[in-house]
Amino acid sequence: MLLALLALSAWAQEPAAPPPDLSPEVFAIARELRCPVCQGESAAESNSGVAVEMRRIIAEMLEEGKSKEEIKAFFVERYGEWILYAPPRRGVTLWVWVLPVLGLALLGLGLFAYFRPKKPLPPELLEEAECRLKEPPT
Amino acid sequence: MRGWLWILVVLALGGLFYWGMQRNPKELPSVLAKERRPAPDFTLPVLPPYRGEWGETFRLSDHLGQKPVVLNFWASWCYPACYEEAPVLEEAWRRYRDRALFLGVNTQDKEAEALRFGEQFGLTFPQVFDPRGRVGVDYGMYGVPETFFIDREGRVVARHAGAIDAATLEKYLKEVLP
């Protein structure tokens, strides 16, 4: 009885369109897309009109059976790659991904060169040095 | 030799920094205008005061290929930019109405407030109603106001973001007018 009541109330609260609570999948995709009118906010976080509409479009496209890649392509088609939160790993923006790794590798190389154990002196020099140490200072 | 290498590295980084600082982060690309893509079609309800002349709904493709189209996205809550440009658009429409079609797309707004805005500025060019803002997404719109210029072949030639002034409007109109 209680269950039936709960189900009924849930059904009664459901508005016609659009659904207020979108699936987590919608937000997962929206998180990878930029909100066009915001500064440093994704379409998942913002409550601006455009971002709300973007989430609605994502939900509709998911319902139509579109894949995540297809949905992202839909927005790239209209806004360009600017709309993607992560820059694509090709072309000019590939550098954004490669440079930090390259920098770290260079730093590692430099540190290694600086701290690597010094080569011991050749034996004849060592002998000479020992001799000189033993010699009483003149 | 090593000293020179360091100087080169510092200069290169400095150059990159300078280049980055010169770029305008507000300059946003319009894919449509850059590639001169055909204007995305839409069908939207016409706001009541304009129904007598333009019918219940407005389909963009019915009007493409005849005259250039000036497509203006606006909202009554967009203050002050939309309020600044409304008289400019109305004035230009009265001057160019034989040679170009102006169309206002009221975006993410309430109908009553949209009507009040139209009345306030005495807008006589057709106005359509898009409460969801779906058409804006198809045009890659960032935020109201934005104005798109569509040439006689139905291609998007230019996009202006923000309030448009008379001189800029004139300049873009010259580009699309025959």
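Residues numbered from 1 in each chain as written. Chains lettered and ligands numbered in written order. Predicted model: local features only at pLDDT ≥ 70, side-chain atom pairs only at ≥ 80, totals over all residues.

Details of the overall build of chain A
Assigned secondary structure in chain A consists of six helices and zero strands. Helices (α) and strands (β) of chain A occur, in sequence order from the N terminus, as α-α-α-α-α-α. A burial count over chain A gives 17% of its 138 residues as buried. For chain A, the proportion of contacts with a sequence separation of at least 24, taken over those separated by at least 6, is 42%. (Helix = DSSP H or I, 4+ residues; strand = E, 2+ residues; numbered from the N terminus. Buried ≥ 20, exposed ≤ 12 C-beta atoms within 10 Å, placed from the backbone. Contact = placed C-beta atoms within 7 Å.)

Section: the interface of chain B and chain A
Taken residue by residue, the interface counts 13 residues in chain B and 11 residues in chain A. When residues in the side of chain B that touches chain A are grouped by element, the largest group, four residues, is from helix H6 (residues 134–138) of chain B. Residue classes in the side of chain B that touches chain A are distributed as five nonpolar, five polar and three charged. (Nonpolar A, V, L, I, M, F, W, Y, C, P; charged D, E, K, R; others polar.)

Quick look at the sheet that holds strand S6 (residues 146–150) of chain B
Consider a sheet: its strands pair through backbone hydrogen bonds, and that pairing is either parallel or antiparallel. Residues and elements named next belong to chain B. Here we have five strands laid out as an open sheet, ordered S5-S4-S3-S6-S7, and mixed in their pairing. The open sheet has two edge strands with one neighbour each: strand S5 (127–130) and strand S7 (156–161). Adjacent strand axes in the sheet meet at a mean angle of 20°, parallel and antiparallel pairs treated alike. Its contacts with the sheet place helix H7 (residues 166–176) against S6 and S7, and it is angled at close to 170° to S7. (Pairing = 2+ DSSP bridges. Axes fitted to C-alpha atoms, helices over the stretch in contact; angles between N-to-C directions.)

Comments concerning the environment of A:Val92
All names here are of chain A. Looking at the secondary structure, you find valine 92 in the loop between helix H4 (68–79) and helix H5 (94–115). A residue is classified by how many C-beta atoms lie within 10 Å of it, and valine 92, with 8 of them, is exposed. Sequence separation between valine 92 and valine 76 is 16 residues, and the spatial gap between their C-alpha atoms is 17 Å.

Purely geometric numbers; function is a separate question.
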